[in-house]
Amino acid sequence: MNKRLVVHLLGSILLIEACCMLPSFVLALLYGDGDALALLYPMLLLLALGLPARFLTSPRDSNLRAREGFLVVALAWVLLSGFGALPFVFSGLIPNYIDAFFESVSGFTTTGATVLSEFDGLARGVMFWRSFTHWIGGMGVLVLTLALLPQLSGRASHLMRAESPGPSLSKIVPKLGDSAKILYLICLALTLMEFLLLILAGLSPYDAAIHAMGTAGTGGFSNYLDSVGAFQSPAVDAIITVFMVIFGINFAVFYRALTGGVRDALRSEELRWYLAIVGGAMLVMSFIILPRYGNFLTALRYGSFQVATISSTTGYATADFTLWPVAAKMLIVVLMFVGSCAGSTAGGIKIVRVAILCKLGRRSIRHTFQPRKVQVVRFEGKGIEEGMLSQIATFFFVYISLVFAGAFAISCEGLYDVETNFTAALSCISNVGPGLGAAGPVENYAGYGPFAKLVLSLLMLSGRLELFPILTLFTPAVWRRA
């Protein structure tokens, strides 16, 4: 185990987090809500720990192996969440540290599950930090590290592979550092575009920034109790719906569109699957809830928003879908499992895995009747190796197992029913935010006890990091000397 390299990288990441708190600190000074010190103290603590870890532990061996890569990713996200919770505690917004840790994990993993029930008059600097964790967590803090520290990119493929959502790492350009910069520039451009459109739709710059960051990170933290529904604006609903769908698309597709044209981007099989699933679900949902709203355009407005927010795992809400028909709630649960595209800021199993599993199932059925025929599973015009098929099947099994294990664990507190606990576990590992029952869009997670919140935090981290980096923390072989 190259411990010096691990500490060196973790020190760099702590310094990045300190810098990320700076915009929130400046806003706190400008608004004068009394939360500036709550942001300053964690920044100073991060600098005090990050500077010596970064500059006094220069590793003799700079070779980053897979074990160190996965370990750095897992420890980094735990530390980021741990220190990211301090502004909530110091400001008094969330005095209990476990609750604050849950909120911080929810922010960085872009889940959007919250323990807050009151939003009026809250300090805007800390609330901005709460939403900003979505933006930096959505693209990946370690991807940001690669963008800002090019000297790491030559040996950091294991970092990006462990953190990137999807079954495989796809570099859009040969150098990882350059890929990271391009991804962040695309995300920044889309965020600014949504920010400006929301201002034109009537939102204040502060509200527009909060909801643009929440959409870009597919996180869903709002500064209103009624989420996006508080604005009662069809224009705002439409803008956020469109951008939630956009941020559920693989960012590599945007790069293909910029370099090869829209026609080249539309050749993406994953994109076609994604648009077909989301578009079909919007129509089905609209017809299911049509009797409730009595007007198809109104049903389409609310149905499309809820499908977009769940499929992109954003978690905003304009309606309480727990009151919708059972068929609508079942569709929501299915969308929670599926998620969006790999290489996006969204969670879930991912469209690419679902598509490949469907093709694998079809091959198995055909193999029953044609056992001697060699049948290759293809995706994006390429044959999928058997090893990759095995990894995807394993991921699916572990994913489902963790949902049930998490639901069982939080059920041991005996506080909520099966529907609430199952969808809370599923929502957290899929990084969606709201579930059903007492974990629905107009409720929160404050009613769970400390044990359940830690379990749900673990599920959120596992889902954001594609399961295995977090599971390595509980694997004894990782901690043994090489």
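Residues numbered from 1 in each chain as written. Predicted model: local features only at pLDDT ≥ 70, side-chain atom pairs only at ≥ 80, totals over all residues. Heavy atoms only, no water.

Student: Looking at this structure, I do not really get the overall build of the protein. What am I missing?
Tutor: Check the secondary structure of the protein and you find 24 helices and two strands. Buried positions account for 58% of the 482 residues belonging to the protein. Long-range contacts, defined here as pairs at least 24 residues apart, represent 71% of the contacts in the protein between residues at least 6 apart. (Helix = DSSP H or I, 4+ residues; strand = E, 2+ residues; numbered from the N terminus. Buried < 20%, exposed > 50% of the residue type's maximum accessible area, 1.4 Å probe, protein only. Contact = heavy atoms within 4.5 Å.)

Student: Mind showing me how you'd approach the pattern of salt bridges here?
Tutor: When the charged atoms of two side chains with opposite charge come close together, those side chains can pair. As enumerated under the stated definition, the model contains 10 salt bridges in all. One salt bridge connects Arg 267 with Asp 264, and the closest N-O pair in it is separated by 3.1 Å. For Asp 264, a relative accessible area of 22% gives the class partly exposed. Measuring nitrogen to oxygen at the nearest pair gives 3.3 Å for the salt bridge that ties Lys 350 to Glu 466. (Salt bridge = Lys/Arg side-chain N within 4 Å of Asp/Glu carboxyl O.)

Student: Explain the environment of Gly 50 to me, please; I cannot follow it from the model alone.
Tutor: As for its placement among the helices and strands, Gly 50 is situated in helix H3 (residues 36–55). The exposure class assigned to Gly 50 is buried, which follows from its relative accessible area of 0%. In this structure, the C-alpha to C-alpha distance between Gly 50 and Ile 16, residues 34 residues apart in sequence, is 8.9 Å.

Student: Explain the nonpolar core to me, please; I cannot follow it from the model alone.
Tutor: Most often, soluble globular proteins have nonpolar side chains that are buried together. Of all hydrophobic cores here, the largest spans 132 residues; its most connected members are Trp 129 and Tyr 445. The dominant element in this core, judged by the number of residues it contributes, is helix H1 (residues 3–20), at nine residues. The next biggest cluster of nonpolar side chains, apart from the first, holds 10 residues, and it includes Ala 342, Ala 355, Ile 356 and Leu 389. (Core = buried A, V, L, I, M, F, W, Y, C linked by side-chain atoms within 4.5 Å.)

Student: Sorry if this is basic, but what is going on with helix H2 (residues 22–31) here?
Tutor: Owing to its 3.6 residues per turn, the α-helix aligns residues three or four sequence positions apart on the same side. Those residues of H2 lying buried are Ser 24, Phe 25, Leu 27 and Ala 28. What you see down the axis of H2 is that its buried residues fit within an arc of 160 degrees, all on one side. Away from its buried face by more than 90 degrees, H2 exposes Leu 29 and Leu 30. Close packing links the buried residues of H2 with H3 and helix H7 (124–139). Taken from the residues just after H2, Gly 32 is the one with a positive phi, measuring 65 degrees. (Arc of directions from axis to C-beta.)

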